Amino acid sequence: MKTVLISGAGIAGPTLAYWLERAGYAPTLVERAPALRRGGYVIDFWGLGYDIAERMGLLPAIDRAGYHVRELRIVDDDGRRVAGFGTRVFDELTGSRFITLVRSDLSRLLYEAMSDSTEVIFDDEIVALEEQTEHVEVHLRRGGARCFDLVVGADGLHSQVRRLAFGPQSAFERHLGYGVAAFEVHGYDRRDENTYLMHTEPGRMIGRFALHGGRTLFVFIFADDAGRWPATLADQKSRLRDIYRGARWEWPQIADALDCCDDLYFDRVSQIKMDRWSKGRIALIGDAAFCVSLVAGQGSALAMISAYVLAGELARAAGRYRDAFNAYEARLRSYIDAKQRGAERFAAAFAPRTSYGLWFRNQVVRAFSWPGAAKLMVGRDITDRLDLPDYRWDGCDTAST
Ligand SMILES: Cc1cc2nc3c(=O)[nH]c(=O)nc-3n(C[C@H](O)[C@H](O)[C@H](O)COP(=O)(O)OP(=O)(O)OC[C@H]3O[C@@H](n4cnc5c(N)ncnc54)[C@H](O)[C@@H]3O)c2cc1C
């Protein structure tokens, strides 16, 4: 039985562990956080990621945890609707296989789907990697030295495995000129259930979304060319306050809520572009390999697709890991490139930098409600142009696409 160390228990990591077990591998998951992360932000989930979740038997639980958003509404300083559209267009484009859910809920469901026998190590991380002829020698910060047949980095945009095996993040990161922050609070008095509200001023956007259990999520996307980020929670809050100083709509109340939050997501909006997603016995999946950025609205699904395909190709190659890694890349490379190009085109739409840009964006959003317009404008980006192979999961796959 082959052993695989997977770094990161987000979306890609648990998905890979789930399918590797079915292929007869023995995965170990190491996660830097002391426990599964909670909260964060909401994601839209559809396409082939949705299909994989179905193959994992997760759709009923995803449906219970998720939200069927009815409307995206852009509001002015006084909260009046200036543009927006009913999200039925997405149902039409995806055959009603579209749901919004908290990222950490998806992560938890994927994690719970893994077999009880999977070894999971929290509060630890890989600090050194050395590839030998027959295995990879890994040093864990707390767990010391161990050997695995293969190592997979599923540790996100700021992947440590990528840094250790391929080089510094700066060699692969393309900053898209925006930053993102998100936090949730309990008991915010305005709700607007199943409606995603957005208020945009030049170069800064605030989103509000009502979550289950009386919680409310706030998301911020703002123009930022520097790409340098404060490290501490206090500095991040103060940076956010600086960026939104003088902002209108509900900013004064949201700023009060920000004072009380103790978990703030704060990062730059970037993509990762690499010539290769594997090197010897080490491979990358999900954001670690090819982060498309939040702008693509599909990073979680892509993380799951990459995990599924890598596990499937390992099953099919019956131990010939180089063949599997090559096949994994060959199958996904052009598909991911297209998703990254789509996201680049779309990036400025979230927080246009000028008043004219804002006006133009709102006209485009209005056009979404015209019959057929949404399909014309985003159908290409929403539809997945990839056939998901039907791998056989007994470790000796020879068949199918
Ligand atoms: C605001 C926002 C909105 C988004 N909206 C959408 C959306 O609508 N639809 C969508 O599909 N996607 C969306 N995304 C993108 C999506 O969240 C990511 O693409 C997805 O989470 C990538 O999954 P992953 O498993 O590769 O990485 P992650 O989910 O980032 O998981 C990485 C894991 O690795 C762990 N880790 C990090 N470093 C180490 C280390 N050194 N050692 C061990 N573990 C480590 C982390 O703690 C984490 O658990 C959005 C992202 C943002 C920021």
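What you are looking at is a predicted structure, and each value in this text was computed from that prediction instead of being measured.

The next point concerns helix H8 (residues 251-260). What H8 keeps buried is the set Trp251, Ile254, Ala255, Ala257 and Leu258. Viewed end-on, H8 has its buried residues packed into an arc of 160°, placing them on one side of the element. Exposed side of H8, more than 90 degrees from the buried face: Asp256 and Cys260 are the residues found there. The elements touched by buried residues of H8 are strand E12 (173-186), strand E14 (204-210), strand E15 (215-223) and helix H7 (233-244).

The next point concerns unusual backbone geometry. Across residues other than glycine, the phi torsion is negative in most instances, and most of the peptide bonds are trans. Even without glycine at this site, Asp123 takes up a positive phi of about 55°. Position of Asp123 relative to the elements: it lies in the loop between strand E7 (119-121) and strand E8 (126-131). Here the phi dihedral of Ala318 falls at roughly 45°; this positive angle occurs in a residue that is not glycine. Of note, Ala318 is situated in the loop between helix H10 (299-317) and helix H11 (321-346).

Relative to each other, helix H2 (residues 47-55) and H10 sit at 55°, their axes nearing to 8 Å. It follows from the interaxial angle that H2 and H10 lie oblique. The hand of the H2/H10 crossing is left-handed. Contact residues: Leu48, Gly49, Ile52, Ala53 and Arg55 in H2; Ala301, Met304, Ile305 and Tyr308 in H10. Considered class by class, the residues forming the contact of H2 with H10 number seven nonpolar, one polar and one charged.

Bringing the site of the ligand into the picture now. The immediate surroundings of the ligand are formed by 31 residues, with Ala12, Glu31, Arg37, Asp44 and Arg103 found nearest. Note that a nitrogen atom of the ligand is positioned 3.1 Å from one of the backbone N or O atoms of Arg32. Within the complex, the protein chains bury 91% of what would otherwise be the 1,000 Å² of accessible surface of the ligand. Looking at the shell around the ligand, the elements with two or more residues in it are strand E3 (42-46) and H10.

About the cut-offs
Numbering of residues starts from 1 in every chain and runs along the sequence as written. The predicted nature of this model means local features are confined to residues of pLDDT at least 70 and side-chain atom pairs, given and counted, to a pLDDT of 80 or more, with totals for whole chains, interfaces and linings taken over all residues. Hydrogens are left out, water is left out, and the side-chain values use all remaining heavy atoms of the structure. The buried label applies to any residue whose accessible area, calculated with a 1.4 Å probe on protein chains only, is under 20% of its type's maximum; exposed applies above 50%, and partly exposed to all values in between. Strands are runs of DSSP state E lasting at least 2 residues, helices are runs of H or I lasting at least 4, and numbering of each runs from the N terminus. By arc we mean the arc of the directions from the helix axis to the C-beta atoms, nothing more. Contact criterion: two residues are considered in contact whenever any of their non-hydrogen atoms come within 4.5 Å of each other. Between N-to-C directions, angles cover 0 to 180 degrees, with each direction set by a line fitted to C-alpha atoms, over the stretch in contact for helices. For classification purposes, an angle smaller than 35 degrees is called roughly parallel, one larger than 145 roughly antiparallel, one from 65 to 115 roughly perpendicular, and anything else oblique. We call a crossing left-handed when the near helix sits turned anticlockwise from the far one by less than a right angle, and right-handed when that turn is clockwise. Under this grouping Gly is polar, as are all residues other than the nonpolar Ala, Val, Leu, Ile, Met, Phe, Trp, Tyr, Cys and Pro and the charged Asp, Glu, Lys and Arg. We call a residue near a molecule or strand as soon as one heavy atom of that residue lies within 4 Å of the molecule or strand. N or O atoms within 3.5 Å of each other form a polar contact, as long as, within protein, one can give a hydrogen and the other can take it, and as long as residues adjacent in sequence are counted only when both atoms are side-chain atoms. Throughout, the Shrake-Rupley method with a 1.4 Å probe supplies accessible areas, and for residues the shown protein chains are the sole cover considered.

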